[in-house]
Structures are given as C-alpha cells and as structure tokens.
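# Results of the structural survey
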Amino acid sequence: MDRISDLPNDILQRILYFLSQKDAVRTSVLSKSWRYTWRTRPNLDFSEATFKGKKQEFLSFVDNTLQQYHDQRLCLDEFHLRISLDDYLEYKSVSLLEKWIPILTTMGVKEYRLSICTVDYNDMPSVVFQAESLQQLHVEGFDMDRDAVPTIILSKHLKKLHLRRVHIQGKIFRKILSSCPLIETMHVEECGGLRNIKANNLRRLKDFSFEGNDEEDEPCSIEIYPASLETIKISFGKISFDKGAEFRNLVDLDLRDVESSRVRLFSCEFPSLRRMTLSDCDGLNEESSSDRPRWCRFPSLEFLKIFKCGGLKEIQLVIDAPNILNFEYGGNFIPSISFVTNSREWKSKIDLYKCSLSLLKLDELLKSLSQSEISLMIDNTNIIQENIPVQDNGYNKPIVVVESLNMNCGCGLSYFSSILNDVFRICRPRNMGYCNNDYGGSLMQFVGFMWRILIERQSDQLSQLVLRDLEEASMEIKEWNEEEWHRAPLSEFLISHGRREGYFTPKCQSRFTLKWREIA
C-alpha cells in the first residue's frame with residue numbers, strides 16, 4: 001500500500017525540498033499523485049552542468065518553469081541558477097534575467113543564488129543587483145563597469161560574494177560593499193582593475209579570501225579589520241596590519257606571496273587563531289626594531305607553517321603557543337625561532353635547502369625544538385665548517401633526538417661523510433634517508449654508501465665517537481602504497497628497483513633505522 005502518496009501536499013513538498021531538481025522530476029513516475037507535485041516544489045535548483053540538452057533548451061526549461069510558477073501564483077522559497085556562457089550569442093540569452101528577476105520578486109523568493117560566468121569579459125547585466133532577495137552571487141569572466149552596476153543596489157541581503165576573473169573598477173567594488181553590509185563570505189580571484197580593498201565596514205564578514213594575479217604590475221592593497229573575521233586567505237596581494245590590532249575571532253590565517261612595508265603581524269592579537277601559514281611573505285623584518293627577541297603570543301595556535309620568508313632572517317622569534325601541535329619551516333636559512341609551550345606531543349618539520357648551513361645555528365634551532373618530534377631535511381646545502389663546543393667526553397650536550405633525517409648535500413661521498421660526522425655531533429636521528437626518494441641514480445649511490453658505513457662498517461668514514469654510540473643499524477623499505485615498513489637486506493632493495501630506458505625507477509621507499517647508546 002502506498003501510504004506516502006496519501007500524505008498532505010505540504011508534507012510531499014517538504015520531501016521534495018531535500019531532493020535535487022533532477023531527482024524531484026523523477027518522482028513524477030511514482031504514482032498519479034506524484035505526477036505533477038514536483039512542479040510546485042518550494043525550491044528550484046537549475047544547473048547547466050547537470051542538464052542533459054543544449055544550452056537553448058536549458059534556458060527554455062528555466063523560462064517555462066518560472067512562467068508556470070508565476071501564472072499559478074505560487075510562492076518560491078529558494079531559487080538557484082548556475083550557468084556558463086561560452087560566446088557572445090549565448091551571452092545574449094542572459095537578457096532573460098531581466099524577465100526572470102522581476103518574476104522572482106513577485107513570488108517572494110527568500111533565498112536567491114546566482115552563478116554566472118563567461119570567457120569573453122562581456123558586460124554583466126545590471127539587473128543582477130536589482131534582485132532584493134539575492135543572497136549568493138558568483139560572477140566569473142564579466143566586465144563589471146559603471147553600466148553593469150546600477151545606481152541603486154537593491155541586493156542588501158547579499159551574504160556571499162564570489163568574483164573570479166572579473167574586471168572591476170575600485171569605485172564600483174566599494175559601492176557594492178557599501179550597499180551590501182550583510183556580506184559574510186567574500187572571495188576575490190584574479191580580478192583585473194582592482195587596486196584597493198577596504199572591507200572594514202563589513203561587520204558580519206567571516207570568510208575572506210583574495211587571490212591576485214602575479215602578472216599585475218602593482219599588487220592590490222588590502223585593509224581588512226572586521227572583528228567578525230574567522231578566516232583570511234590572501235595570495236599575491238599587499239596587506240598591512242596595524243600594530244596591536246585585535247582579531248578576536250580569527251581561526252585561520254593564510255598569507256602567500258604577500259608583500260607589505262608594515263606587516264606588524266606578530267604584534268597583533270590573535271586569541272582564537274588555530275592555523276597560520278606564511279609563505280613567500282616580504283616585510284616581516286619590519287617587526288624587529290632591536291636585537292632583542294620578539295615575543296608573540298598565540299594562546300590557541302595549533303598549526304604553524306612558515307616557508308621562504310626572507311624577512312625572518314632579521315628576527316628572533318619567541319612564540320608562546322601553549323597548544324601547538326605542528327610546526328613546519330622551509331627555507332634557505334636557519335631561523336631563530338623558539339617555542340614556549342605546554343604541549344607534550346607536538347611535531348616539527350624543518351626543510352633546509354640551497355643554503356650555507358651553520359651547524360651552530362642548526363644546533364640552536366634543534367635544541368629549541370627538542371620537546372617535539374623533529375623531522376629534519378638537509379637538501380643541497382653547503383655545510384659551514386665550525387668548531388662545535390664539546391665537553392670532556394667529546395659531546396655537545398644535550399644531543400637532540402631527531403625522529404627522521406633526510407639528506408642530500410650535493411657533494412662527493414668523501415665530503416658527505418665528514419658532514420655526517422658533524423651532524424651526528426649535534427643530533428641523533430632514529431631514521432635516516434635520502435631527500436629525493438624518487439631519484440634513482442643518486443638514491444642507489446646513497447643507499448650503497450650508507451649500507452657500507454652504517455651496517456657493514458667497512459670504512460673509517462665515521463668518527464670513533466659515532467661508531468661507539470651507534471649500537472645498531474638496519475635498512476627498511478616499503479612500497480609506495482603501503483603503510484608499514486619492514487626490515488630488508490640490501491639485495492631486496494636492489495631487486496625492488498629496476499631499470500627502464502637507462503634510468504633507475506624506484507619502486508619502493510627506503511630508510512635506515514639507527515639505535516643509539518644512551519648518553520648519561
């Protein structure tokens with residue numbers, strides 16, 4: 001017995017509300033009572049991507065459906081439209097918007113979402129911003145000039161604005177922001193003509209992202225301080241933070257290829273910040289006005305990533321992060337960074353490449369991170385020969401335990417052995433491997449060399465101090481798609497790597513596990 005069909009119409013409409021437009025239409029074959037029910041559902045969702053038919057057929061389907069709703073004087077709670085326009089002739093069909101938007105207004109639409117894009121930078125129809133119920137707008141590829149944005153913007157309920165590859169003047173952009181104070185999410189990607197963004201009047205803004213065009217002569221300047229912000233992601237832009245500015249609700253801060261003359265990032269207040277990524281950011285050296293360490297407090301910070309930020313060369317950072325879980329650094333110099341934390345189980349990953357490596361500075365950094373599980377990579381670096389202070393027993397105490405050490409110093413094996421001796425004087429790696437596990441020839445050479453000096457101990461390449469403390473060494477391998485490592489002889493490793501057209505093709509990963517004597 002079909003009891004669902006006997007349900008009241010408002011219940012049937014509620015069921016249809018949670019179905020996609022495609023699935024809603026398919027319910028017409030269930031029974032006679034379902035045959036036309038989908039035609040009066042309270043929400044319509046039209047997407048060209050999922051429509052099986054030509055573009056003109058899609059537009060006709062949308063047009064006929066809306067006209068039917070209008071003729072029956074039906075109410076519509078939600079209307080979503082996603083359409084892409086590939087040439088000028090199809091763009092002309094968007095003139096239908098001038099017909100549809102007034103119809104939507106008469107039907108009392110509460111939530112209107114529009115996603116429309118083109119590849120030819122055609123003028124965007126001004127009717128878009130005349131829909132008072134518009135809550136989400138995604139515009140891609142249009143030219144939003146003075147004629148595209150009406151004198152009076154009625155879309156005061158707009159909550160989400162996404163502009164991608166849009167050419168827009170700064171004056172027009174500021175007009176949109178001032179007319180739409182309820183915006184909560186704003187994404188701006190590769191938009192030409194935009195030189196300045198000031199969003200301080202958007203008191204409800206929570207999510208802001210900006211991706212500039214690296215080919216622009218002058219990056220877009222961004223000033224954004226709403227206390228409501230929870231996420232900031234900026235790449236290829238120019239930003240400034242006022243000294244002492246408070247971002248009390250910010251959870252995620254991601255700055256990439258950002259330049260500024262006054263970042264003052266580490267002097268701001270971020271009481272709720274959990275994740276911070278800084279990559280290729282200039283201007284951080286403005287933080288330091290003296291040789292004294294710069295203290296910065298992040299009471300909620302859990303994940304910190306810093307990559308290629310040259311300004312940090314001039315800064316001594318002491319990061320008070322009691323809840324830190326993961327710290328990553330990558331660059332061509334050794335930073336002066338230390339942590340004050342209560343966290344007992346946290347990880348740090350240090351990648352050093354193409355630099356002159358000071359073992360004294362490396363020793364200082366490793367000691368500052370010694371309470372974490374350290375992963376260290378040294379790739380194509382020149383080791384600066386320095387006298388490392390040692391005690392009477394020959395040790396530089398305390399010797400830091402490193403969970404994994406991956407190396408490739410781009411030098412001969414004889415010189416590489418001396419580098420190993422120096423590195424082993426400041427740290428004790430539990431696992432050791434080659435930086436580029438996917439590069440066959442050098443990997444084979446590295447593995448063979450390490451096998452001879454660590455396991456067979458055939459040469460005098462390692463110092464007696466290192467050999468005395470190295471209790472056990474073994475090699476482990478695993479397939480790329482496997483989780484577990486297993487101990488293997490050198491012969492198994494060689495079999496696991498084959499030749500193809502003169503090149504080594506690694507089929508597995510390899511590492512050496514080292515067990516060291518406890519130092520009193």
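Here the structure is shown first, and the text comes after it.
Residues numbered from 1 in each chain as written. Predicted model: local features only at pLDDT ≥ 70, side-chain atom pairs only at ≥ 80, totals over all residues. Heavy atoms only, no water.

As a further point, take the overall build of the protein chain. Within the protein chain, the secondary structure is distributed over 11 helices and 30 strands. The proportion of buried residues among the 520 residues of the protein chain is 49%. At a minimum sequence separation of 6, the contacts of the protein chain that also span at least 24 residues come to 56%. By element, 46% of the accessible surface of the protein chain is carried by carbon and sulfur atoms, the whole surface being about 26000 Å². (Helix = DSSP H or I, 4+ residues; strand = E, 2+ residues; numbered from the N terminus. Buried < 20%, exposed > 50% of the residue type's maximum accessible area, 1.4 Å probe, protein only. Contact = heavy atoms within 4.5 Å. Areas by Shrake-Rupley, 256 points an atom, 1.4 Å probe, with all protein chains shown as cover.)

Its location among the elements puts Glu-269 in the loop between β13 (252–259) and β14 (275–279). In this structure Glu-269 comes out as partly exposed when scored by relative accessible area, which is 44%. Residues Glu-269 and Pro-299, spaced 30 residues apart in sequence, show a C-alpha to C-alpha distance of 9.8 Å. Sequence-distant contacts of Glu-269, that is, excluding residues within four places in its chain, are made with Gly-244, Ala-245, Glu-246 and Phe-247.

Here we take up helix α7 (residues 359–368). For α7, the complete set of buried residues consists of Leu-359, Leu-362, Asp-363, Leu-365 and Leu-366. Projected down its long axis, α7 shows its buried positions confined to an angular sector of 165 degrees, all on one face. Facing away from the buried side of α7, by more than 90 degrees, are the exposed residues Lys-361 and Glu-364. (Arc of directions from axis to C-beta.)

Here the focus is the pattern of salt bridges. Pairing of side chains with opposite charge becomes possible as their charged atoms draw close. Summed over all chains, the structure comprises 19 salt bridges. A salt bridge links Glu-111 to Arg-113, with the nearest nitrogen and oxygen atoms 2.3 Å apart. Two residues, Arg-256 and Asp-254, come together in a salt bridge whose shortest N-O distance is 2.7 Å. In the salt-bridge network here, residues are joined through shared partners; they are Glu-140, Arg-164, Arg-165 and Glu-189. (Salt bridge = Lys/Arg side-chain N within 4 Å of Asp/Glu carboxyl O.)

Before going further, it helps to spend a moment on unusual backbone geometry. Despite not being glycine, Phe-236 shows a phi value in the positive range, around 55 degrees. Of note, Phe-236 is situated in strand β12 (residues 231–239). Residue classification places Phe-236 among the partly exposed residues on the basis of a relative accessible area of 30%. At Asp-257, a position not held by glycine, the phi torsion is positive, near 50 degrees. Structurally, the position occupied by Asp-257 is in strand β13. Exposure remark for Asp-257: the relative accessible area of 31% places this residue in the partly exposed category.

Within the largest apolar cluster, 144 residues are counted, with the highest numbers of intra-cluster contacts made by Phe-79, Met-186 and Phe-208. Among the elements that line this core, the one with the most residues is helix α9 (residues 440–456), at 9 residues. (Core = buried A, V, L, I, M, F, W, Y, C linked by side-chain atoms within 4.5 Å.)

Enumeration according to the criterion identifies 13 aromatic pairs in this entry. Taking the centre distance of 5.1 Å and the plane angle of 40 degrees together, the rings of Tyr-434 and Phe-446 count as tilted. Placement of Tyr-434 in strand β25 (residues 427–434) and of Phe-446 in helix α9 is noted, with a sequence separation of 12 residues between them. Among the residues examined, Phe-446 registers a relative accessible area of 5% and is labelled buried. Through successive ring pairs, a cluster of aromatic residues spans Phe-46, Phe-51, Phe-58, Phe-61, Phe-79 and Tyr-112. Against the face of Trp-516 rests Arg-428, its NZ or CZ located 4.4 Å from the ring centre. (Phe/Tyr/Trp six-rings, centres within 6.5 Å; stacked < 30°, edge-to-face > 60°. Lys NZ or Arg CZ within 6 Å of the ring centre and 35° of its normal.)

Below, the discussion takes up the sheet that holds strand β17 (residues 316–320). In space, the 3 strands of this open sheet follow the order β15-β17-β19, with parallel pairing throughout. Whereas interior strands pair on both sides, the edge strands pair on one side only; in this sheet they are β15 (294–297) and β19 (336–340). In this sheet, adjacent strand axes meet at a mean angle of 20 degrees when their direction is disregarded. Bridge analysis of β15 against β17 gives 4 bridges, and the strand direction is parallel. Counted as the bridge partner of Arg-297 is Asp-320 from β17. (Pairing = 2+ DSSP bridges. Axes fitted to C-alpha atoms, helices over the stretch in contact; angles between N-to-C directions.)

In contact at an axis separation of 10 Å, helix α3 (residues 55–71) and helix α5 (residues 97–106) are set at 30 degrees when each is read in the N-to-C sense. In terms of axis orientation, α3 runs roughly parallel to α5. Between α3 and α5 the crossing geometry is left-handed. Across from Leu-59, Val-62, Asp-63, Leu-66, Gln-67 and His-70 in α3, the residues of α5 making contact are Lys-99, Trp-100, Ile-103, Leu-104 and Thr-106. Here the residues of the contact of α3 with α5 are counted per class, giving 6 nonpolar, 3 polar and 2 charged. (Parallel < 35°, antiparallel > 145°, perpendicular 65-115°, else oblique. Left-handed = near helix turned anticlockwise from the far one by under 90°. Nonpolar A, V, L, I, M, F, W, Y, C, P; charged D, E, K, R; others polar.)

So, on to α5. Buried within α5 are the following residues: Leu-97, Trp-100, Ile-101, Ile-103 and Leu-104. One face of α5 carries all of its buried residues, which in axial projection span an arc of 165 degrees. Summarising the geometry of α5, the exposed residues directed more than 90 degrees from the buried face are Glu-98 and Thr-106. Buried residues in α5 make contact with α3, β2 (78–85) and β3 (111–118).

Burial analysis of β2 places 6 of its 8 residues in the buried class, which makes it a mostly covered element. In this sheet, β2 lies alongside strand β1 (residues 43–47) in parallel orientation, the contact comprising 5 bridges. Paired with Leu-44 across the bridge in β2 is Phe-79. Crossover connection from β1 via α3 to parallel β2: handedness right-handed. Pairing analysis gives 8 bridges linking β2 to β3, with the strands arranged parallel. Bridged to Arg-82 within β3 is Ser-115. (Right-handed = clockwise from strand over helix to strand, strands pointing away.)

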